[in-house]
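Descriptive analysis of the structure
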Amino acid sequence: MKKKFAYILFFFLTIAVFAAEPFVLPKGTEVINRDESGKTWQMNGSLKMSFEEAKKTLNSAVLKAGFKLKHEISLDEKEKEHILLAYTKEKQTLIMMLWSEEKKTYFAWGITKE
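Reading guide: rules and limits
Residues numbered from 1 in each chain as written. Predicted model: local features only at pLDDT ≥ 70, side-chain atom pairs only at ≥ 80, totals over all residues. Heavy atoms only, no water. Core = buried A, V, L, I, M, F, W, Y, C linked by side-chain atoms within 4.5 Å. Buried < 20%, exposed > 50% of the residue type's maximum accessible area, 1.4 Å probe, protein only. Helix = DSSP H or I, 4+ residues; strand = E, 2+ residues; numbered from the N terminus. Contact = heavy atoms within 4.5 Å. Phe/Tyr/Trp six-rings, centres within 6.5 Å; stacked < 30°, edge-to-face > 60°. Patch = residues over 30% accessible without salt bridge, like charges linked within 9 Å, V, L, I, M, F, W, Y side chains within 5 Å. Areas by Shrake-Rupley, 256 points an atom, 1.4 Å probe, with all protein chains shown as cover. Salt bridge = Lys/Arg side-chain N within 4 Å of Asp/Glu carboxyl O. Lys, Arg positive; Asp, Glu negative; His and termini not counted. Charge placed at Lys NZ, Arg CZ, Asp CG, Glu CD.

**Here's the deal with the nonpolar core**
Core analysis: the largest hydrophobic core is formed by 20 residues, its most contacted members being Phe23, Leu58, Phe67, Leu94, Met96, Leu98 and Trp109. Only β2 (43-47), α2 (51-64), β4 (82-89), β5 (92-101) and β6 (104-113) provide two or more residues apiece to this core. The biggest single contributor to this core is α2, with five residues. What Met96 contacts, discounting residues up to four positions off in sequence, is Phe23, Leu58, Val62, Ile83, Leu84, Leu85, Ala108 and Trp109.

**Description of the packing of aromatic side chains**
Considering all chains together, one arrives at two aromatic pairs under this definition. With 5.9 Å between their ring centres and 15 degrees between their planes, Trp99 and Tyr106 make a pair best called stacked.

**Concerning a negative patch on the surface**
A surface patch of like charges, here negative, comprises Glu52, Asp76, Glu79 and Glu81. Secondary-structure assignment places Glu79 in the loop between β3 (68-74) and β4. Owing to a relative accessible area of 41%, Glu79 belongs among the partly exposed residues under this scheme.

Below you can see the structure in the form of C-alpha cells.
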C-alpha cells in the first residue's frame, strides 16, 4: 500500500512540475536558475547552439504552446544577438530575453497573468 501511494504521489508531483512550465523546454537546455518569487526572471538557462538556432528553437516551442509573438526588440543595435521577445496567450504575457556569449545562447523568461 505504501509503495502504491509513493507512486501516485510521484506521478502527481511530476505533473505539477511540468504543468508549471508555460512551454516545453528544448532538448539540451541547461537550467541555471528558477525563481517563483515574482521579483525576477522565473527561469534562466542556456543552450549549446548558435544564437539563430536557439532563437528559432525557443520561438517554435513557445508558439507550439499557444503563444503569439507580439514584439521583438533588439537590445543592442550593433550586436544583433541580444533581444527581448514578448508573447501573449489569453491573459498571459511571456517576456523572454536571449543573448549569445562564449559559443552558447542564454535565455531568461518570466510570465505575468493579468
